[in-house]
Amino acid sequence: QVQLVESGGGLVQPGGSLRLSCEASGNIFHIYDMAWYRQVRGNQRELVATTTSGGSTNYADSVKGRFTISRDYAKNTMYLQMNSLKPEDTAVYYCTADLQTNILSPRNDYWGRGTQVTVSS
């Protein structure tokens, strides 16, 4: 069993900051890529940022310069530092991990249940 659990969401005023965490636990052999997505009800899920096991990162144009993705490899945890938040950043934020549960298993994607971020005055 593998679990991804997001935390750190909440209500923040425009211009404020939040730090999201995503902890992966359970039967994990190796984590490759990890990513943050977000979804507004009624819309498609949108890719926010990605990080590879080699440390490369990529961001959606809408968050470049404001959001920073990072990982603590020892803790199997990924973070998303969100600064200069805007009302349009309001969404449920999900984390995902591409991982193996043992050396012989195929790589599979696992998802967390999401954490709500609301940016409003």
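For the structure itself, consult the block above.
Residues numbered from 1 in each chain as written. Predicted model: local features only at pLDDT ≥ 70, side-chain atom pairs only at ≥ 80, totals over all residues. Heavy atoms only, no water.

Secondary structure assignment for the chain yields zero helices and eleven strands. For 121 residues, the compact-globule formula gives about 14 Å, and the C-alpha radius of gyration of the chain, at 14 Å, lands near that figure. Seen through its C-alpha atoms, the chain measures out along the principal axes to roughly 50 × 25 × 25 Å. The buried share of the chain, reckoned over its 121 residues, is 39%. Here the contacts in the chain between residues at least 6 apart in sequence split such that 54% fall between residues at least 24 apart. Looking at the chain as shown, the accessible area adds up to about 6800 Å², and 44% of this sits on carbon and sulfur atoms. (Helix = DSSP H or I, 4+ residues; strand = E, 2+ residues; numbered from the N terminus. Rg over C-alpha atoms; globule rule 2.2 N^0.38 Å. Buried < 20%, exposed > 50% of the residue type's maximum accessible area, 1.4 Å probe, protein only. Contact = heavy atoms within 4.5 Å. Areas by Shrake-Rupley, 256 points an atom, 1.4 Å probe, with all protein chains shown as cover.)

Another aspect to go through is the state of the cysteines. This model, assessed by the stated rule, comprises one disulfide. In this model Cys-22 forms its disulfide with Cys-95; the gap between the sulfur atoms is 2.0 Å. As the torsion about the S-S bond is roughly 60°, the Cys-22-Cys-95 disulfide counts as right-handed. One end of the pair, Cys-22, is in strand β3 (residues 18–26); the other, Cys-95, is in strand β9 (residues 91–100), with 73 residues separating them in the sequence. For the pair Cys-22 and Cys-95, a shared accessibility class is recorded, and that class is buried. (Disulfide = S-S within 2.5 Å.)

Turning our eyes to something else, we now look at the sheet that holds strand β1 (residues 2–7). Read from one edge of the open sheet, four strands run β1-β3-β8-β7, paired in antiparallel fashion. Each of the sheet's edge strands pairs with one partner strand only, and the pair in question is β1 and β7 (67–72). On average, each strand axis in the sheet is tilted by 15° relative to the strand beside it, whichever way the strands run. As paired elements, β1 and β3 share six bridges and run antiparallel to each other. If you follow Leu-4 over to β3, its bridge partner there is Ala-24. (Pairing = 2+ DSSP bridges. Axes fitted to C-alpha atoms, helices over the stretch in contact; angles between N-to-C directions.)

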